[in-house]
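What follows is the residue order along each chain.
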Amino acid sequence: MPFQEVVEAEGHLIDSHIMENIFDKVVEHGGRFEVEQFSIGRTNSEPSHLRLKVSVEEESSLERLLEALLELGCAPVDATDAVLREVERDRCAPEDFYSSTNHHTFVRNGNKWVEVADQRMDAMIVVREGQAWCRRLRDLRRGDRIVVGLRGIRVVPESKERGRLAFAFMANGISSERQVDTAVRQTAALVRQTVEQKLKVVVVAGPVVVHTGGVKGLSSLVRGRWVHAVLSGNALGVHDIEASLFGTSLGVRLSDGRQEEHGHRNHMRAINAVYRAGSVTEAVRSGRLQSGILYECVQAGVPFVLAGSLRDDGPLPDTITDMNAAQDAYAAELKGAGLVLCLGSMLHSIATGNMLPSWVRIVCVDINPAVATKVSDRGTGQAVGVVTDVGLFLQLLSKAMV
Ligand SMILES: NC(=O)c1ccc[n+]([C@@H]2O[C@H](COP(=O)([O-])OP(=O)(O)OC[C@H]3O[C@@H](n4cnc5c(N)ncnc54)[C@H](O)[C@@H]3O)[C@@H](O)[C@H]2O)c1
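Residues numbered from 1 in each chain as written. Predicted model: local features only at pLDDT ≥ 70, side-chain atom pairs only at ≥ 80, totals over all residues. Heavy atoms only, no water.

Under the definition given, this model contains 13 salt bridges. Note that aspartate 118 and lysine 335 form a salt bridge whose closest N and O atoms lie 3.2 Å from each other. Pair noted here: aspartate 118 is in the loop between strand E7 (112–117) and strand E8 (124–128) and lysine 335 is in the loop between helix H10 (323–334) and strand E18 (337–343), with a separation of 217 residues, a long-range link. With a shortest N-O distance of 3.3 Å, aspartate 328 and arginine 138 are connected by a salt bridge. A residue pair is termed long-range when its members are at least 10 positions apart, and aspartate 328 in helix H10 and arginine 138 in the loop between strand E9 (131–135) and strand E10 (145–148) qualify at 190 residues. The exposure class of aspartate 328 is partly exposed, given its relative accessible area of 35%. For arginine 138, a relative accessible area of 22% translates into the label partly exposed. By sharing partners, the salt bridges in this structure join Arg136, Arg138, Asp139 and Asp328 into a single network. (Salt bridge = Lys/Arg side-chain N within 4 Å of Asp/Glu carboxyl O. Helix = DSSP H or I, 4+ residues; strand = E, 2+ residues; numbered from the N terminus. Buried < 20%, exposed > 50% of the residue type's maximum accessible area, 1.4 Å probe, protein only.)

Written out as structure tokens, the structure is:
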């Protein structure tokens, strides 16, 4: 096999299954590997080190293999500076741009390894005056110098945190109905730990939170200052306000689950009431809105973002219908997050997962196990799924936080 490269990786390679993945990748790409050196970390904290020669039949497969290995934290040994190329037109990258992962990344510039800021997946890396940032394609400007190719880049995938075995459910991927009590207890511990670390707890929620009676639980978490931002869509706002003003959610009485006569008008009446007030905040200030998730947010000064969608009624005046602006508003609130609770919204959970670096923990609560799997499969491997009714989950979680 004529095309060869020596690569190396360091970290908790064995118990985080990284080494196994590295070997699998070589085989998947039709290549061969030869371990040149391997030293195993002998204590909890000591990393293992692997040096591997890989060989393949064709030059193009070597490039593809190196790209796949890079995502696993396995980079070519000949550390030269990352190659930079200038952006010639706004929003247009050179064809061979490097596309980021959501893992900690370093680029070599001026013979120094520089940590990339604003880490997220599917971004380009802009380098300026010895500093590096992730930038989305649409944010690239003419004259920016971005990383191209695969040289001079190091990716550090998240490894199993050995000190975090108390949160065993985080290692299990998706927990079933039977483990809800445990999942709630451990989520509560994560919330407390995140607050102690002075990081943000961000809630991403869908309207099903209202339909399933989760308003009380989430409101109490906001009131208790356990939540530092709420990211959602138009529907949560509409149904939360409908529930507060008329006691229904999509016309169904929350008290007894029966359809209210002419209740189908209620969500439009809710939107109308907010338009009359001017905004959700004005509806609270004027006394029109006196309870609910958004009411608690306004009272506690907790920011909320409502992102628009094609399904929206109204939408509420607070709903951001420019999708780029809505993504920016989500990203701004996610800065400094340590824990994100995704509650019953496939759309908003996946969108949020795409924006987060891999070291921010995500607990994804949904009745459908496929949703947590989808969030993880899209590259957000740190997400753990709790398969249960979100109303019940919120009720238990708010009790656990008292
Ligand atoms: N009237 C409106 O304006 C209106 C109405 C509905 C949706 N929308 C908008 O459409 C977009 C998508 O809506 P979405 O996020 O609700 O849809 P979605 O399909 O992305 O997510 C809904 C999720 O809720 C889960 N779910 C259902 N019952 C559950 C339960 N009991 N417990 C836990 N999880 C449960 C489903 O499995 C699904 O994953 C949003 O932007 C929303 O604001 C607008």
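From this point, the narrative continues.
Moving on, we get to the packing of helix H6 (residues 234–246) against helix H7 (residues 266–277). Where H6 contacts H7, the two axes come as close as 8 Å, and the packing angle between them is 95°. One element, H6, and the other, H7, form an angle in the roughly perpendicular class. Contacts between H6 and H7 pair Val238, His239, Ile241, Glu242, Leu245 and Phe246 from the former with Asn266, His267, Arg269, Ala270, Ile271, Ala273 and Val274 from the latter. For the contact of H6 with H7, the per-class residue count stands at eight nonpolar, three polar and two charged. (Axes fitted to C-alpha atoms, helices over the stretch in contact; angles between N-to-C directions. Parallel < 35°, antiparallel > 145°, perpendicular 65-115°, else oblique. Contact = heavy atoms within 4.5 Å. Nonpolar A, V, L, I, M, F, W, Y, C, P; charged D, E, K, R; others polar.)

Together, Ile14, Val27, Phe33, Val35, Phe38 and Ile40 give the surface a local cluster of nonpolar side chains, amounting to about 490 Å² of exposed area. The biggest single contributor to the nonpolar patch is strand E2 (residues 32–39), with three residues. Classification of phenylalanine 33 by relative accessible area gives partly exposed; the value is 33%. (Patch = residues over 30% accessible without salt bridge, like charges linked within 9 Å, V, L, I, M, F, W, Y side chains within 5 Å. Areas by Shrake-Rupley, 256 points an atom, 1.4 Å probe, with all protein chains shown as cover.)

Core analysis: the largest hydrophobic core is formed by 54 residues, its most contacted members being Val209, Leu218, Ile241, Leu341 and Leu343. When neighbours within four sequence positions are excluded, leucine 343 is seen to be in contact with Val203, Val204, Ala205, Gly206, Val209, Val365, Val390, Phe393 and Leu394. Grouped together as the second largest cluster of nonpolar side chains are 35 residues, Ala9, Leu50, Leu65 and Val155 included. (Core = buried A, V, L, I, M, F, W, Y, C linked by side-chain atoms within 4.5 Å.)

All right, on to the domain arrangement of the protein then. By domain assignment, the protein separates into domain 1 (1–76), domain 2 (79–158) and domain 3 (162–400). In this assembly, eleven residues from domain 2 lie in contact with 15 residues from domain 3. Summing both partners gives a buried area of about 1,100 Å² for domain 2 against domain 3, and 41% of it is carried by carbon and sulfur. For domain 2, the biggest contributors to the area lost against domain 3 are Asn102, Met121 and Arg138; these three give 45% of the whole. Here domain 2 is connected to domain 3 by three salt bridges. Across the contact surface, domain 2 and domain 3 share seven residue pairs in polar contact (both at pLDDT 80 or more). For the side of domain 2 that touches domain 3, a count of residues per class yields one nonpolar, four polar and six charged. (Domains from an automatic or database assignment. Buried area = accessible area lost by both parts, 1.4 Å probe. Polar contact = N/O pair within 3.5 Å; in protein donor to acceptor, adjacent residues only side chain to side chain.)

Looking now at the side chain of serine 279. On the secondary structure map, serine 279 appears in the loop between H7 and helix H8 (280–285). Serine 279 sits in the buried class, given a relative accessible area of 16%. A polar side-chain atom of serine 279 sits 3.1 Å from the main-chain amide nitrogen of glutamate 282. Residue contacts for serine 279: discarding those within four places in its chain leaves Val274, Pro317 and Asp318.

Moving on, we get to helix H2 (residues 59–71). In this model H2 runs 19 Å from its N-terminal to its C-terminal C-alpha over 13 residues, within 8% of the 18 Å that 1.5 Å per residue would give. Residues of H2 that are buried: Ser61, Leu62, Leu65, Leu66, Ala68, Leu69 and Leu70. Packed against the buried residues of H2 are strand E1 (3–11), helix H1 (18–28), strand E3 (48–56), strand E4 (75–76) and strand E11 (153–156). Following H2 by one or two positions, glycine 73 adopts a phi angle in the positive range, close to 80°. (Expected span 1.5 Å × (residues − 1).)

Time to look at the site of the ligand. The environment of the ligand is formed by 22 residues, the closest being Ser345, Leu347, His348, Asp366 and Asp389. Contact distances for the ligand include 2.8 Å between an oxygen atom and a backbone N or O atom of aspartate 313. Aspartate 389 is positioned such that a nitrogen or oxygen atom in its side chain is 2.8 Å from a nitrogen atom of the ligand. Contact with the protein chains hides 81% of the accessible area of the ligand, taken as 850 Å² for the molecule alone. Contributing elements (two or more residues each) for the shell around the ligand: H6 and helix H11 (346–355). Considering only residue class, the shell around the ligand consists of eight nonpolar, nine polar and five charged. (Near = heavy atom within 4 Å.)

By secondary structure assignment, the location of aspartate 144 is in the loop between E9 and E10. Residue classification places aspartate 144 among the buried positions, given a relative accessible area of 12%. There is a polar contact of 2.8 Å between the side chain of aspartate 144 and the backbone nitrogen of arginine 141. For aspartate 144, the contacting residues outside a window of four places in its chain are Arg85, Glu86, Val87, Val126, Arg135 and Asp139.

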